[in-house]
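One-letter residues, chain by chain:
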Amino acid sequence: MMVRAFAATSPDAPLAPFELERRETRDDDVVIDILYCGVCHTDLHLARNHGGFTTYPIVPGHEIIGRVREVGPQVTRFGVGDLVGVGCMVDSCQQCAPCRHGWEQNCSAGATFTYNSVDKRDGMQTYGGYSDAITVTENFVLSLPAELDPAGAAPLLCAGITTWAPLHRWNVREGSRVAVIGLGGLGHMALKLAKALGAEVSLFTRSAGKEADAFRLGADEVILSGAPEQMAAAAGRFDVIIDTVPYDHDVNPYLPTLALEGVLVLVGYMGPLGTPVNAGAIVGGRRAITGSFIGGVSETQQMLDFCGANGIVSDVEILPIQDINQAYERMLKSDVKYRFVIDMASLAE
Ligand code: NAP
Ligand code: ZN
Ligand code: ZN
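Residues numbered from 1 in each chain as written. Chains lettered and ligands numbered in written order. Predicted model: local features only at pLDDT ≥ 70, side-chain atom pairs only at ≥ 80, totals over all residues. Heavy atoms only, no water.

A.B. asks: With reference to specific residues and values, describe unusual backbone geometry.
C.D. replies: The amide bond that connects tyrosine 56 to the next residue, proline 57, takes the cis arrangement and shows omega of -5°. On the secondary structure map, proline 57 appears in the loop between helix H1 (41–47) and strand E4 (64–71). Following lysine 337, the chain continues to tyrosine 338 via a peptide bond in cis, the omega torsion being -20°. The backbone of arginine 286 shows a phi angle near 50°, a positive value even though the residue is not glycine. On the basis of relative accessibility, which here comes to 56%, the residue arginine 286 falls in the exposed class. Unusually for a residue other than glycine, isoleucine 294 sits at a positive phi of about 30°. Classification of isoleucine 294 by relative accessible area gives buried; the value is 7%. (Helix = DSSP H or I, 4+ residues; strand = E, 2+ residues; numbered from the N terminus. Buried < 20%, exposed > 50% of the residue type's maximum accessible area, 1.4 Å probe, protein only.)

A.B. asks: Explain the sheet that holds strand E14 (residues 258–266) to me, and be specific about the residues and the numbers.
C.D. replies: Spatially, 6 strands are ordered E12-E11-E10-E13-E14-E15 in an open sheet, and the strand pairing comes out parallel. If you trace the sheet from one side to the other, it starts and ends with strand E12 (221–224) and strand E15 (288–291), each paired once. With strand direction ignored, the average angle separating the axes of adjacent strands in the sheet is 20°. Against the sheet, helix H5 (residues 185–196) touches strand E10 (177–181) and strand E11 (200–205), its axis set at about 165° to E11. (Pairing = 2+ DSSP bridges. Axes fitted to C-alpha atoms, helices over the stretch in contact; angles between N-to-C directions. Contact = heavy atoms within 4.5 Å.)

A.B. asks: Give me the pairing of strand E17 (residues 339–343): which residues, what numbers.
C.D. replies: Within E17, 4 of the 5 residues are buried, which leaves it mostly tucked inside the rest of the structure. Where strand E3 (residues 29–39) meets E17, 4 bridges bridge the pair, whose relative direction is antiparallel. Following the sheet pairing, tyrosine 36 is matched in E17 by aspartate 343. Pairing between strand E16 (residues 316–320) and E17: 5 bridges, direction parallel. When the bridges of E17 are listed, isoleucine 318 appears paired with valine 341. In this fold, the crossover linking E16 to E17 by way of helix H10 (residues 324–332) has right-handed handedness. (Right-handed = clockwise from strand over helix to strand, strands pointing away.)

A.B. asks: Kindly report on the domain arrangement of the protein, identifying the contributing residues and their values.
C.D. replies: Assigned domains within the protein: domain 1 (2–158 + 295–348) and domain 2 (160–291). Contact residues are listed per partner, giving 24 residues for domain 1 and 23 residues for domain 2. Summed over both partners, the interface of domain 1 with domain 2 comes to about 2,000 Å²; 58% of that surface belongs to carbon and sulfur atoms. Inspection of the region where domain 1 meets domain 2 yields 2 salt bridges. The closest approach of N and O atoms between aspartate 315 and arginine 216, which form a salt bridge, is 2.8 Å. Here domain 1 is connected to domain 2 by 15 residue pairs in polar contact (both at pLDDT 80 or more). Every element with two or more residues in the side of domain 1 that touches domain 2 is listed here: H1 and helix H9 (297–310). Here the side of domain 1 that touches domain 2 takes 6 residues from H9, the largest share from any one element. Of the residues contributing to the side of domain 1 that touches domain 2, the split by class is 12 nonpolar, 8 polar and 4 charged. (Domains from an automatic or database assignment. Buried area = accessible area lost by both parts, 1.4 Å probe. Salt bridge = Lys/Arg side-chain N within 4 Å of Asp/Glu carboxyl O. Polar contact = N/O pair within 3.5 Å; in protein donor to acceptor, adjacent residues only side chain to side chain. Nonpolar A, V, L, I, M, F, W, Y, C, P; charged D, E, K, R; others polar.)

In structure tokens, the structure reads:
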């Protein structure tokens, strides 16, 4: 099946209209007409080859909400017309220890990602959600709780699960003290989810002017990371810090704000940290720096169900696909409130 899409053909080419072939429907496939697709900072990193491993052309998009158009004969959990979601992965081996544990994102054979990946069954390049339709193995399709607005729910498929997983892993609950670094797509979901889990929530931001939004989104406190006296006043406070900053940055100023045995969880940046980490702040306080990568399929469904039960969606600005390149520029200026979501009906224009 041929579908319309938007693709980048090189690191400095703007995204532009593109046609691609979706595979023949397999027995365990769900074919989804895409209604909305969120715009993640990872889309920009990959479109511009920040990690050095992009295969062009690339069709980004892994925060997908759509309606089931067709199902293969072995599909049991979905039917035509269902509203469903697809996140960052579309397949994994299902046999290895991480897969059996529910950590498909850490599959020993390598998960098949929604875009910029190769499908292990047919060797075809995967293309993401900036397109009319996508074909996905049933096991990687999520049910959208009926309570949730489809456009607002799209970002839950990446920004939601990526912040939910570490909150869950480090047992955030009533009375936990959580801080979030960076108020963007991931950061605003981290505020909402941590608050709904009962935590006391603080935001570290470089941007004066985001305070009112932060409080509305669930923060109890806003700390300007550029203000030394505010940083000093936060010493020894946090059980968990979720660090969503997308580029290299100095983590040292945040470490003293962790409580004894507190953890700083990197989720935003995946390259070498340019500023050496002061081991004293870790050793002396029994603290840890750790990381977290998206989340497993059943954990993602759990997060969606939690959001359904608690009325949580992303704060979105809906745009036509033709505005995607300006959206990337605005994302680079941290000018997003707080997730762009593409209305895929615009592809027909
Ligand atoms: P985003 O919407 O652009 O938000 C990032 C926020 O970080 C900005 O709003 C800004 O907040 C702060 N920031 C930006 N540049 C900064 C810099 N140079 N130094 C300090 N702070 C900076 O991005 P996102 O979509 O949330 O994604 C964040 C990162 O997570 C990206 O790198 C993305 O690739 C990554 N990611 C990782 C996973 C995973 O599985 N681990 C999953 C999804 C995304 P303030 O203005 O408030 O400071
Ligand atoms: Zn993402
Ligand atoms: Zn596996």
